[in-house]
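# Working through the structure, step by step
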Amino acid sequence: MQDTQEKIVWQENGSGTPLVLLHGIGSSAASWAAQLAHFGQRYRTVAWNAPGYGGSTPLPEEAPEVSAYAQALAGLLDRLQIAKAHVIGHSLGSLMAARFAAQYPERILTLTLASCAIGHAKLPAEERARMLNSRIDDVAALGPRGMAEKRGPRLLGPRASEASIRKVVDVMASVDPQGYAQAARALSQGNMLDDVAALPATMPVQVVYGTADVITPPAANERVAAARPGTPITAIPDGGHAVYVEMPDAFDAAIDSFLEGHDERP
């Protein structure tokens, strides 16, 4: 589906209370196929393609802040007539989700931050530049498919099936270099910890990660939870970074357990 004003493209399944899925930097709405099928049985499940991904128009800024993605999400939800939703963000999508929740807390039913990409704002300038340039240089030198073949397999854990690896690589290979570079720059200046610490105490928030994640390791996810004392954590054994692709049953079960008792009819 496509928004006719700003060309935000999304996938949707089901009806009822809205549940919104935000993908990571090397991904798209297509990566959420298992969750669209599972949660679409009970929720109006929406997986967006962030600006610059999956046919969605890139943001106008060369180096957008994370707030620009939060505003784009708010605009899409307005046009879908979604006042509030369960929001699930993965990796860079968790950075966007946390900023959206901080800017629009009244629109959050629950917030799940999975495989948390904290952002690089607090790193030394040289380290930030190295990490940013590494991403942009890879896609420039190798192209999306070459970058995906290089980076994609690292997103899975030791028990990942060949089908899961191919899914992650194929989705990553579909990224648009412009949208990917914009998202990389947003990641470079993002700081999820401050956003999470600022969330209302009444907002239901959880952190989910795979114990074999080498992209956003367990310690990073635990830092996010610690920024808001009392935040529950679900650690999925042997799960890699793209744990929702690799182990959808375990991931979806963690979400189902969390959502129980927090449902709300739109």
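This section reports on the structure supplied with the text. Note that this is a predicted model, so its numbers are computed, not measured.

## Details of the pattern of salt bridges
Across all of its chains, the model carries 13 salt bridges by this definition. Among the ionic pairs, Glu62 bridges to Arg185, the shortest N-O distance being 3.8 Å. With Glu62 in the loop between strand S3 (44-48) and helix H2 (66-79) and Arg185 in helix H6 (residues 177-189), this residue pair connects regions lying 123 residues apart in the sequence. Owing to a relative accessible area of 59%, Glu62 belongs among the exposed residues under this scheme. The shortest N-O distance in the salt bridge between Arg166 and Asp170 comes to 4.0 Å. One end of the pair is Arg166 and the other is Asp170, both in helix H5 (residues 162-172) and 4 residues apart, which spans about a single turn. If you follow the salt bridges from partner to partner, you end up with Arg145, Glu149, Arg166 and Asp170 in one network.

## Re the pairing of strand S5 (residues 108-114)
Summarising burial for S5: 7 of the 7 residues are buried, a large majority. With 6 bridges joining them, strand S4 (residues 85-90) and S5 adopt parallel strand pairing. Within S5, the position partnered with His86 by the bridge is Thr110. For the segment spanning S4, helix H3 (residues 92-103) and S5, crossover handedness is right-handed. One ladder, built from 4 bridges, connects S5 with strand S6 (residues 205-210); its direction is parallel. Counted as the bridge partner of Thr112 is Gln206 from S6.

The rules behind each value
Residues numbered from 1 in each chain as written. Predicted model: local features only at pLDDT ≥ 70, side-chain atom pairs only at ≥ 80, totals over all residues. Heavy atoms only, no water. Salt bridge = Lys/Arg side-chain N within 4 Å of Asp/Glu carboxyl O. Helix = DSSP H or I, 4+ residues; strand = E, 2+ residues; numbered from the N terminus. Buried < 20%, exposed > 50% of the residue type's maximum accessible area, 1.4 Å probe, protein only. Pairing = 2+ DSSP bridges. Right-handed = clockwise from strand over helix to strand, strands pointing away.

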